[in-house]
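Chain by chain, the residues:
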Amino acid sequence: MKIRDRYAPSPTGLQHIGGVRTALFNYLFAQSQGGAFILRLEDTDRTRFDDAFVQNLYDTFTWLGFHWDEGPDRGGPVGPYIQSERFGLYQKHAQALVEKGLAYYCFCSPARLDALREEQAKTHAKETGYDRHCRNRSPAEGAARIAAGEAAVIRLKIPLGETTRFTDQLLGDIEWKNDAITPDPVLLKSDRFPTYHLANVVDDHLMGISHVLRAQEWLPSTPLHVIMYQLFGWDHPVFCHLPMVMGQDGKKLSKRHGSTSIDEFRGQGYLPEALINYVALLGASYEEGKDLYTLEELCSRFSLDKLSKAPAVFDYKKLAWYNGQYIRMKTDEALAALALPYGVNAGLFGELGTAPDAGQRAAFTAAMALIKERVSFLHEIPDKISYLFAEPLIPAAAEFIPKKLDLSQTIGLLGIGRDLVEPLAALSDTQAEAFIKERAEKEGVKLGDLMMPLRVALTGARVSPPLFGTIRILGAARSFARIDRALAVLQGYGSVTA
Ligand code: GLU
Ligand code: ZN
């Protein structure tokens, strides 16, 4: 059997973690089986549809970097892949069920259905929903009233007194009493639009879908779908309902927990590799002791028996950790290209929005090596390296003074440091370290004591990205200027101790 699966979003909102998880698992499953992954737009709900959401869907997956084999944008053998372009098919199939007596026209007015609902609520009726009022009308009567132009919906005639069974690939055998299913649900509305159930089942069949991997919240619809397959006389696909994604409080992941739309993650400087890696682990596990997977590795490792039944908990901290890992794996050039917009927006290169000149661009790229290990997000980068671009404020004298030393000793140390800057700017980290150690010994001072005032003068803070890299990027001339500025301020103080 050719494996074919699909992602079937309704474009009524931004792409979010749950949807992307469904899409990713379908993609990985198809890839792992040499099958095809299909995108189908389920845009039958025209009131909530918005073109912007379709655009967001395409943008999201372009950014994430994995794609379907067949879909509205790339065509395929079983298109169109947009449900609103397939309405004729749904009408035909609904009609066919009516002709076989497996579905029927319902002429109940909205007013009648409202009254029914009110009555059921008032009497706390055991049976709620449609009362199957039109179920036993003769097909001839239905046809005549339709021919006379009366409005009607088509409802499925659910076989009563039976039990529907299917096996979920993950959850096992499931059975559902037909009488407990929503009574005779609508397949085709009076405006001839299909409902989700009809369009979904007809399309999965016509598109040759072999596996339906979808969120667990769709599980209650599945018995109805199985009945529809049976009434149509079709085999149903393998169903596999994916574990829920929860927030840490055990409730379904939602905006209350934090960002959920991919746009938000993207804006906050998450890398697509990190999101994919993390989302691939939401409800699946691959190998003991391994956290980091490329998309290719996931494609070859994924299988349905690696899914877990237990709900997945979305841990923002873990995702941040992944992001840091992927930031670390970038080359300086690649990371600089990703982080540059954040630098521009933060005003790193002048006024807000100013692009860097060639020197600033080179410094920005070189600075990536200094902060790669220290950030989890792209947006943290400008702040961490702003001291390389604008002159840092000179802190109070106490900040410069190493423990147990005084102001005049500190001024002396900074003087020694000043002499080291020019050679240091030309040395690699290892060379610089050996060189400064040797000078500290020769001067009879502690290495830390020598470096502290130098660091504060050059970066404006006692804690900063690595000093030698900083000196290389600033160069000797700018370093001298900063040290001299600091010395002038320190010399203006009376006596201060740390
Ligand atoms: N259109 C449905 C959704 O928005 C599809 C559910 C399914 O996969 O059957 O998720
Ligand atoms: Zn009716």
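Preceding this paragraph is the structure being described.
Residues numbered from 1 in each chain as written. Chains lettered and ligands numbered in written order. Predicted model: local features only at pLDDT ≥ 70, side-chain atom pairs only at ≥ 80, totals over all residues. Heavy atoms only, no water.

## Structural notes on the coordination of the zinc ion (ligand 2)
The protein atoms that coordinate the zinc ion (ligand 2) are C106 (SG), C108 (SG), Y130 (OH) and C134 (SG), at distances spanning 2.1 to 2.3 Å. Around the zinc ion (ligand 2), the four donor atoms are arranged such that angles at the metal cover 97 to 120°; this shape is classified as tetrahedral. Each donor residue of the zinc ion (ligand 2) lies on one chain, and together they are spaced C-x1-C-x21-Y-x3-C. Residue C108 is found in the loop between β3 (103–106) and α4 (110–122), and its partner Y130 is found in the loop between α4 and α5 (139–147); the two are separated by 22 residues along the sequence. (Donors = N, O, S within 2.8 Å, 3.2 Å for Na, K, Ca; no water. Tetrahedral: all angles 85-135°; square planar, octahedral: opposite > 155°, others 65-115°. Helix = DSSP H or I, 4+ residues; strand = E, 2+ residues; numbered from the N terminus.)

## A few points about the sheet that holds β3
With respect to topology, three strands assemble into an open sheet ordered β3-β4-β7, the strand pairing being antiparallel. Strands with a single pairing partner mark the edges of an open sheet, and in this sheet they are β3 and β7 (186–188). Strand-to-strand twist across the sheet, computed as the mean angle between neighbouring axes with direction ignored, equals 45°. When strand β4 (residues 153–156) meets β7, the two strands line up antiparallel, connected through two bridges. When the sheet's bridge partners are listed, I154 is paired in β7 with L188. The strands touched by helix α3 (residues 87–99) within the sheet are β3, β4 and β7, with β3 carrying the most contacts at an inclination of about 100°. (Pairing = 2+ DSSP bridges. Axes fitted to C-alpha atoms, helices over the stretch in contact; angles between N-to-C directions. Contact = heavy atoms within 4.5 Å.)

## Details of a positive patch on the surface
Judged by side-chain charge, K403, K404, K446 and R462 come together as a positively charged surface patch. One can find K446 in the loop between α17 (429–443) and α18 (447–459). Assessed through its relative accessible area of 58%, K446 is described here as exposed. (Patch = residues over 30% accessible without salt bridge, like charges linked within 9 Å, V, L, I, M, F, W, Y side chains within 5 Å. Areas by Shrake-Rupley, 256 points an atom, 1.4 Å probe, with all protein chains shown as cover. Salt bridge = Lys/Arg side-chain N within 4 Å of Asp/Glu carboxyl O. Lys, Arg positive; Asp, Glu negative; His and termini not counted. Charge placed at Lys NZ, Arg CZ, Asp CG, Glu CD. Buried < 20%, exposed > 50% of the residue type's maximum accessible area, 1.4 Å probe, protein only.)

## Some points on the site of ligand 1
Around ligand 1 sit R6, A8, S10, E42, Y196, N200, R214 and W218, and those are all the residues in its vicinity. Note that an oxygen atom of ligand 1 is positioned 3.5 Å from one of the side-chain N or O atoms of W218. Contact with the protein chains covers 85% of the free accessible surface of ligand 1, which is 290 Å². A class-by-class count of the residues in the shell around ligand 1 yields three nonpolar, two polar and three charged. (Near = heavy atom within 4 Å. Polar contact = N/O pair within 3.5 Å; in protein donor to acceptor, adjacent residues only side chain to side chain. Nonpolar A, V, L, I, M, F, W, Y, C, P; charged D, E, K, R; others polar.)

## Looking at the side chain of D168
Examined against the element boundaries, D168 turns out to sit in strand β5 (residues 163–168). For the buried D168, no salt bridge is present, and the opposite-charge side chain at shortest range is R214, 7.5 Å distant. Among the polar contacts made by the side chain of D168, one reaches the main-chain amide nitrogen of L170 at a distance of 2.8 Å. Of note is the side chain of D168, whose polar atom sits 2.7 Å from the backbone nitrogen of L171.

## Description of the nonpolar core
Of all hydrophobic cores here, the largest spans 112 residues; its most connected members are L24, L28, F364 and I385. Examining the composition of this core, we find that eleven residues originate from one element, helix α19 (residues 467–492), more than from any other. Beyond its immediate sequence surroundings of up to four residues, L24 is in contact with F66, I276, V279, A280 and L295. One finds I38, F87, F166 and M207 within the second-largest nonpolar core, a separate group that totals 37 residues. (Core = buried A, V, L, I, M, F, W, Y, C linked by side-chain atoms within 4.5 Å.)

## Some details on the pairing of strand β8 (residues 211–215)
Extensive coverage of β8 is indicated by the burial of five of its five residues. Two strands pair when backbone bridges link them, and β8 and strand β9 (residues 238–242) are joined in this way by five bridges, in the parallel orientation. Within β9, the position partnered with L213 by the bridge is C240.

## Things to note about unusual backbone geometry
Looking along the chain, the bond that leaves G79 and enters P80 is cis, with omega of -5°. You can see P80 is positioned in the loop between α2 (51–64) and α3. One non-glycine residue, R132, adopts positive backbone phi at about 60°.

## Structural notes on the packing of aromatic side chains
Two numbers describe a pair of aromatic rings. These are the distance of the centres and the angle of the planes. Scanning all chains against the criterion turns up 27 aromatic pairs. Each ring, one from W321 and one from Y322, has its centre 5.0 Å from the other, and the planes form 80°; the classification is edge-to-face. Relative accessible area serves as the criterion here: at 36%, W321 is assigned to the partly exposed category. Put simply, the rings of F265, Y270, Y278, F314, Y316, W321, Y322 and F377 pair up and form one aromatic cluster. Directly above the aromatic system of F49 lies the positively charged group of R46, at a separation of 4.2 Å from the ring centroid. Just above the ring of F107 sits the side chain of R145; from NZ or CZ to the centre is 4.1 Å. (Phe/Tyr/Trp six-rings, centres within 6.5 Å; stacked < 30°, edge-to-face > 60°. Lys NZ or Arg CZ within 6 Å of the ring centre and 35° of its normal.)

## Looking at the side chain of D5
With respect to the helices and strands, the residue D5 is situated in strand β1 (residues 4–7). If we ignore the near neighbours within four places in the chain, the residues touching D5 are N26, F29, A30, A36, F37, I38, I209 and H211.

## Here's the deal with the packing of helix α16 (residues 407–425) against α18
Close contact between α16 and α18 brings their axes to 8 Å; oriented N to C, the two are set at 80°. Regarding the angle of α16 to α18, the classification is roughly perpendicular. On the side of α16, the interface is formed by T410, L413, L414, I416, G417, L420 and V421, while α18 contributes D449, L450, P453, L454 and A457. Of the residues contributing to the contact of α16 with α18, the split by class is nine nonpolar, two polar and one charged. (Parallel < 35°, antiparallel > 145°, perpendicular 65-115°, else oblique.)

## Some words on the pairing of β1
Across the two faces of β1 the burial is the same, with R4 and R6 and D5 and Y7 all buried. Where β1 meets strand β2 (residues 36–39), four bridges bridge the pair, whose relative direction is parallel. Along β2, the bridge assignment pairs D5 with F37. Following the backbone out of β1, through helix α1 (residues 17–32) and into the adjacent parallel β2, one traces a crossover that is right-handed. (Right-handed = clockwise from strand over helix to strand, strands pointing away.)

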